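Inside the fold
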Amino acid sequence: MVKYVFVTGGVLSSVGKGVVTSSIGKMLQARGYKVTVIKIDPYVNVDAGTMNPYMHGEVYVTDDGGETDLDLGGYERFLDLNLKKENNITTGMVYKEVIEKERRGDFLGRCVQIVPHVTDEIKNRIRSVAERSNVDVALTEIGGTVGDIEGLPFLEAIRQMRLEEGYENTLYVHVALVPILDVTKEMKTKPLQHSVNELRRIGIQPDIIVARCRKMIDSEALRKIALFGTISEDAVFCSYNVQSIYQVPLILDEQGMGEFVCKRLGFSEREPDFSELKNFVDAALNPEHEVRIALVGKYAGLVDSYISMNEALRHAGAACRTKVSIHYIEAEKFEQNPKEAEVLKEFDGVFVPYGFGPRGTEGKITAIKFAREKDIPFLGICYGFQLAVIEFARNVCGLKEANSTEINPKSPHPVIDLMPEQRGIEYKGATMRLGAHKIIIKPDTVAYTLYKSEAIYERHRHRFEVNLDYSERLEKNGLTFSGRSPDGRRMEILEQPDHFFFFASQFHGEFKSRPGNPDPEYYGFVKACLDRKLGKSKPEF
Ligand code: GLN
């Protein structure tokens, strides 16, 4: 029988609920229990795929092609899970289903209401993920903040689950901010008290409160939180600022949270094993080297737009005891004055991430040209891959006006073009080439050295690809397509054999990177940056 842990948040969003949810999962895993995680997003979009990363952060892609909230990436990395589309539930999804049922006549003439029809749909979805995942505990994080109008049906659904699943099979965890006032240095628990009251008004009494605070809460704050939250002091924990998010499970477990959760769910006491996590944290916090990477992007103003990429670079860094300092550069800067690209000389590597639309592309192409000509290690992901093809076509193959039809539909040399199956698609939601697809790796290439395999599966999210009419010409001029789809018609990886490290992929390696098990292309890039900095003649993988 599956047990359910529900995590709600108070006072502010972005308070670290996702990290606390993952940390509870980690504390359970460290004791040998199997877990899955569900993220509830109360927005009306059916999925995150149609949202601008600049406003909402990155769209995370699952193996089965789900375009999900970036929190799913956090869970996958923390807990080394491969989640599915269904692990992300949105208001849009729930209402779409209920309305379709109503149109089919499934409700037999009844008046369709939020309670019970919408709440039943929510509960069914949570249960079906939990049961199909074959786990001991299903953790569900409710996005947003308690008190938001759009979160209410979800809170009502989890309230009902206590009645239906039983006290010992359900646990409510509330995470809320405890600010420290600059002037008096006092920890203020009143906002947290109000958010607990708001939760109670809906009928949920938290079993555990996690105070999110800059520092470990003092005994006075602890006493107040327990008193006004109506829970014992040993059910109050503090998630304070640490250098790496991967330390959070360790600091919460030290406070006794893992033991408390297990006891409360009726699990027998087991000694936790955090050795792998501790090894990673140790490597991440005690680097012996440093590399500086220029991330030339278009969403550089919001760090969350590139969260999986940042994480993948850090995982790769930890694997070679190297601190990876990422410097965000707005690609458009190089468009006004291409000389600005000279700043790239000061970096150990140039990284061009994913992207959509024309803005900033010429600047990115300038950066790629600079990295290629000056032998600076380069990694391009998705759009970064496509722009590297364009740069090569223009400046090496002499196709001056080469472009992607996404940027210039009238280009005489559309080296990147819409995939044939994308023509005629009008709906924007879930219509890209998505999720894990097989890739065949060419022997005796950098790709083969890094992946050590003839076939890999990697996650995708794109509409455009290398135009087959040009692939041969590009290869004749010195570009190697070292990874292709099994039918050989889709270019998936490119590299330049005579460059120190020039590598790009149509797929997104970052989605499969894990702490302690970095993704090969990111590892290759960071190691190449380090080896070049150390003066080696070629990278040593
Ligand atoms: N805009 C490009 C495409 O749709 C690249 C997408 C991406 O970088 N994820 O093919």
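Below is a summary of the structure that appears in this document. (Residues numbered from 1 in each chain as written. Predicted model: local features only at pLDDT ≥ 70, side-chain atom pairs only at ≥ 80, totals over all residues. Heavy atoms only, no water.)

A look at the sheet that holds strand 2 (residues 35–41)
Spatially, the seven strands line up as an open sheet ordered 5-2-6-1-7-8-9, and their pairing is parallel. The strands lining the two open edges of the sheet, one partner per strand, are strand 5 (88–90) and strand 9 (236–240). Here the strands of the sheet are splayed against their neighbours by 20° on average, with no regard to which way each runs. Packed onto the sheet, helix 1 (residues 17–29) meets strand 1 (3–10), strand 2, strand 6 (137–142), strand 7 (170–177), strand 8 (208–213) and strand 9 and runs at close to 170° relative to strand 6. In the packing of helix 5 (residues 114–132) onto the sheet, contacts are made with strand 1, strand 2, strand 5 and strand 6, and the angle to strand 1 comes to roughly 130°. (Pairing = 2+ DSSP bridges. Helix = DSSP H or I, 4+ residues; strand = E, 2+ residues; numbered from the N terminus. Axes fitted to C-alpha atoms, helices over the stretch in contact; angles between N-to-C directions. Contact = heavy atoms within 4.5 Å.)

Considerations on the pairing of strand 8
The element strand 8 is extensively covered by neighbouring structure, given that five of its six residues are classed as buried. Pairing between strand 7 and strand 8: five bridges, direction parallel. The residue bridging V175 from the neighbouring strand is V210, located in strand 8. Considered for its hand, the β-α-β crossover made up of strand 7, helix 7 (residues 190–201) and strand 8 is right-handed. Of the strand pairs in this sheet, strand 8 and strand 9 are connected by five bridges, and their pairing is parallel. Bridge assignment links A211 to a residue of strand 9, and that residue is C238. In this region the chain leaves strand 8, passes through helix 8 (residues 219–229) and returns to the parallel neighbour strand 9; the handedness of that crossover is right-handed. (Buried < 20%, exposed > 50% of the residue type's maximum accessible area, 1.4 Å probe, protein only. Right-handed = clockwise from strand over helix to strand, strands pointing away.)

Quick notes on the sheet that holds strand 15 (residues 413–418)
Here three strands make up an open sheet; going across it, the order is 14-15-18 and the pairing mixed. Of all the strands in the sheet, the pair left with one neighbour each is strand 14 (402–404) and strand 18 (464–466). Across this sheet, the average inter-strand angle for adjacent strands is 30°, counted without regard to direction. Across three bridges, strand 15 lies against strand 18 in antiparallel orientation. The residue bridging L418 from the neighbouring strand is F464, located in strand 18.

Observations concerning the nonpolar core
Core analysis: the largest hydrophobic core is formed by 43 residues, its most contacted members being V5, I24, L28, V173 and M257. Those residues within four positions of I24 in sequence are excluded, and the remaining contacts are V5, V7, L139, V173, M257 and V261. (Core = buried A, V, L, I, M, F, W, Y, C linked by side-chain atoms within 4.5 Å.)

Some remarks on the pattern of salt bridges
Applying the stated criterion across every chain yields a total of 43 salt bridges. Note that D207 and R264 form a salt bridge whose closest N and O atoms lie 3.4 Å from each other. In this pair, D207 is assigned in the loop between helix 7 and strand 8 and R264 in helix 10 (residues 257–264), connecting sequence segments 57 residues apart. One network of salt bridges, in which partners are shared, links D63, E76, D80, R459 and R514. (Salt bridge = Lys/Arg side-chain N within 4 Å of Asp/Glu carboxyl O.)

Regarding the pairing of strand 15
Here three bridges tie strand 14 to strand 15, and the two strands are oriented parallel to one another. Looking at the pairing, A402 lines up with H413 of strand 15.

Worth remembering: the numbers are spatial, not functional.
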